[in-house]
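# Residue-level structure breakdown
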Amino acid sequence: MSDSLSRRRFAGGAAISLFSALTARKSFSFQARTRSVAVHADVPVATIRPELDGSFAEHLGTCTYGGMWVGKNSPIPNINGYRKQAVEFLRELGIPVLRWPGGCFADDYHWRDGIGPVEKRPKRVNLWWGSYTEDNSFGTHEFIGLCKLIGAEPYIAGNVGSGTPQELRDWVEYCNYPSGSTLSDERAANGSPEPFRVRHWGVGNENWGCGGNMSPEVYADNYARFATYLRPFGGTSLVLVACGPSSNDLDWTRRFFDSLRGHRRPPNAYSMHFYSGGKSYATKFTVETMREQLASFAAMEKAIIQQRALMDSYDPDRKIGLMIDEWGVWDRMAPEEEKRYGRLWQQITMRSAIAAGLGLNVFRRQADKLYMCNIAQTVNVLHAVVLTDGGNGMRAIRTPAWYAFDLLKPHRGKTSLRVDHESAEPVGLSVSASREANQLVVTLINARHDEGMRVNCAVAGAQASGGTARILHHPDFNACNTFDNPDVIVPKAHPVEVGRSSVAVDLPPLSIVTAVLALA
Ligand code: AHR
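Residues numbered from 1 in each chain as written. Predicted model: local features only at pLDDT ≥ 70, side-chain atom pairs only at ≥ 80, totals over all residues. Heavy atoms only, no water.

What follows deals with the sheet that holds strand β12 (residues 269–281). Reading around the barrel, the 8 strands line up as β3-β6-β9-β10-β11-β12-β13-β14 and close back on themselves, with parallel pairing between neighbours. Ignoring which end each strand starts from, the neighbouring axes of this sheet average 30° apart. As judged from the 4 bridges shared by strand β9 (residues 153–158) and strand β10 (residues 200–203), these two strands associate in the parallel manner. Across the sheet, the residue bridging to A157 is G202, located in β10. (Pairing = 2+ DSSP bridges. Helix = DSSP H or I, 4+ residues; strand = E, 2+ residues; numbered from the N terminus. Axes fitted to C-alpha atoms, helices over the stretch in contact; angles between N-to-C directions.)

For the rest of this paragraph, the subject is the pattern of salt bridges. As enumerated under the stated definition, the model contains 36 salt bridges in all. Between D484 and R395 there is a salt bridge whose closest N-O contact spans 2.8 Å. With D484 in the loop between β21 (464–473) and β22 (492–494) and R395 in the loop between β15 (386–388) and β16 (396–398), this residue pair connects regions lying 89 residues apart in the sequence. Using a relative accessible area of 67% as the deciding quantity, one classes D484 as exposed. R470 is the salt-bridge partner of D406, the closest N and O atoms lying 3.0 Å from each other. With D406 in helix α11 (residues 400–408) and R470 in strand β21, this residue pair connects regions lying 64 residues apart in the sequence. One network of salt bridges, in which partners are shared, links R33, R35, E425, R448, D450 and E451. (Salt bridge = Lys/Arg side-chain N within 4 Å of Asp/Glu carboxyl O. Buried < 20%, exposed > 50% of the residue type's maximum accessible area, 1.4 Å probe, protein only.)

Estimates place the volume of the largest pocket at around 540 Å³. As for the largest pocket, its lining consists of 27 residues, and the residues nearest its centre are W69, K72, N80, S137 and E142. Among the elements that take part in the lining of the largest pocket, helix α3 (residues 140–150) stands out by supplying 4 residues, more than any other. The residue makeup of the lining of the largest pocket, split by class, is 10 nonpolar, 13 polar and 4 charged. Looking at the lining of the second largest pocket, the elements that each hand over two or more residues are α8 (287–314), α10 (350–365) and β18 (429–436). (1 Å grid on protein atoms, 1.4 Å probe; cavity = no way out; pocket = protein on both sides within 12 Å on 5 of 7 lines; lining within 4 Å. Points joined across faces, edges and corners; volume = space filled by probe spheres on them. Nonpolar A, V, L, I, M, F, W, Y, C, P; charged D, E, K, R; others polar.)

With respect to spatial proximity, 13 residues lie near the ligand, and among them E58, C104, E206, Y275 and E326 are the closest. In the model, an oxygen atom of the ligand is placed 2.8 Å from a nitrogen or oxygen of the C104 main chain. Contact with the protein chains covers 93% of the free accessible surface of the ligand, which is 280 Å². In terms of residue class, the shell around the ligand is built from 7 nonpolar, 3 polar and 3 charged. (Near = heavy atom within 4 Å. Polar contact = N/O pair within 3.5 Å; in protein donor to acceptor, adjacent residues only side chain to side chain. Areas by Shrake-Rupley, 256 points an atom, 1.4 Å probe, with all protein chains shown as cover.)

Taken together, the side chains of V125, L127 and W128 make up a nonpolar region of the molecular surface, amounting to roughly 270 Å² of accessible area. Along the chain, the position of W128 falls in the loop between β7 (124–125) and β8 (133–134). (Patch = residues over 30% accessible without salt bridge, like charges linked within 9 Å, V, L, I, M, F, W, Y side chains within 5 Å.)

All told, the structure shown has 1 disulfide when counted by the stated rule. C104 shares a disulfide with C210; S-S distance 2.2 Å. In this structure the cystine formed by C104 and C210 twists about its S-S bond by roughly -85°; its chirality is therefore left-handed. You can see C104 sitting in the loop between β6 (97–100) and β7 and its partner C210 sitting in the loop between β10 and α6 (216–228), a full 106 residues away along the chain. In terms of burial, C104 and C210 fall into one category: buried. The thiol sulfur of C373 is not disulfide-bonded, and the nearest other cysteine sulfur, from C243, lies at 16 Å. (Disulfide = S-S within 2.5 Å.)

So, on to the packing of aromatic side chains. We describe a pair of aromatic rings using the distance from one ring centre to the other and the angle between the two ring planes. For the structure shown, the criterion picks out 26 aromatic pairs. Residues W111 and Y174 carry aromatic rings whose centres are separated by 5.0 Å and whose planes lie at 45° to one another, so their mutual orientation is tilted. Of this pair, W111 sits in the loop between β6 and β7 while Y174 sits in helix α4 (residues 165–176), placing them 63 residues apart in sequence. Across the pair, exposure class does not vary: W111 and Y174 are buried alike. Seen from their ring centres, W171 and W201 are 5.7 Å apart, and the 75° between their planes marks the pair as edge-to-face. Within this pair, whereas W171 is found in helix α4, its partner W201 is found in strand β10, the two being separated by 30 residues in sequence. (Phe/Tyr/Trp six-rings, centres within 6.5 Å; stacked < 30°, edge-to-face > 60°.)

With respect to the helices and strands, T378 occurs in the loop between β14 (370–376) and β15. A polar contact is formed between the side chain of T378 and the side chain of S55, at a distance of 2.9 Å. Beyond its immediate chain neighbours, meaning those up to four positions away, T378 contacts S55, F56, A57, C63, M68, L90, I95, L98, A384, V385 and V386. (Contact = heavy atoms within 4.5 Å.)

For the chain, the assigned domains are domain 1 (11–47 + 416–519) and domain 2 (50–412). Relative placement of domain 1 and domain 2: their C-alpha centres are 31 Å apart. Taken together, the contact between domain 1 and domain 2 spans 44 residues of the former and 42 residues of the latter. Of the roughly 3,400 Å² buried where domain 1 meets domain 2, counting both sides, 67% is carbon and sulfur surface. (Domains from an automatic or database assignment. Buried area = accessible area lost by both parts, 1.4 Å probe.)

Attention now moves to the pairing of β6. Taking every second residue as pointing to the same face, both faces of β6 are buried, with V97 and R99 on one and L98 and W100 on the other. Note: strand β3 (residues 54–56) against β6, 2 bridges, orientation parallel. Following the sheet pairing, F56 is matched in β6 by R99.

In structure tokens, the structure reads:
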């Protein structure tokens, strides 16, 4: 369909009015095919927990050291050691929950190394991510301080692989017991009389791999042993997170829950890790490698459905929440960039923004099955929302993934709605919708690079009376925001045609549009 044809009046509703931040329609030079979508405003799925937009930070490359923590004496502008610009970007985005300190690093981390006077903290070798030494200047207190600064709830991943149940129960007591025990008094002496009240605790990380190379049966035994001693010290009830599978490994899940049957302290949550590998360097994707990577989000949605269905057979009341506490794109690493900026530093492009949007749309559609999801990772590593020019560089930028999260943010806390559309392509149109009182939010993503779309969206069960939309778009899937040019990919206002029971939007290739509509 030609662009001019795509501008015909939308036939879904009688009275069509144009509500837009822009009154003039922007014309895109693309061929547009019409797609029909139905949003069922009267068919709720579940509340979209803000925690589905969580984040993950590891002691890896320049994510924690250099990216978020530069130290109080750094020439880089900082707030008590935290990189000011990173803090501002993360606070602005509103990260609901932050997982730390790993990742693989977590099962080789001993929390006592990171408390007390900084000059007395031991230097340790980070064996997973380059065998460099860390001075432990970023420890538990610094992590909690960061969470407070950016408004995130802390989620600590405990050490099962090389630690002991006592070490982990002591960390919980140190963080959560109000006062009067030796450990809580030590916390107070270290500057925090107030308990940290950390609720979320990971009982290991990837224990099928870097967390100890365990079988599901051995891990289930370890989980049971550790969990016995993780108590609600001082009344802070804990959400214990068990290590789930790598991608959609149903065998791990089945054997873990079989082994755990009858255990008195089953986990509160169970976390799958799901990475979307890329065969190209971040800014050198081809149509084929991009399509292959973006298609993995359909596989992730299938994994959520299948893992939850299997968990339901053990846990029909869904007392155990399914999480994905690591997800995101993991592209081919460019050695010169890793050398310059840190391990697993990858540029974030328009393709990566589409990937972030596809993931967040999946989480919104599957909100009834998910408890928490954390993108890997927050700053400078893998699918980062903030990039700095290395650990010592002064500059920081919001990535296109930051903007994708921002575009999907209006759904947080709202009720996910059923959406139907005809397209069965793994890489095509992606839709999510949510509602709260008199507001309807619809996110439409065109993941195709070669085809525009005119989306006619029928709204059932409610009447729309107006609205606005924003778009994130760039025709080049390898385009990115750079330190010299940080605003190449930023959202703009976008026209949306709103009828009483219909909405129409033009989606250029590679675009994310969120429309926020008023309901009559
Ligand atoms: O996020 C990078 C690594 O990926 C984490 O350390 C590990 O948990 C996963 O394999």
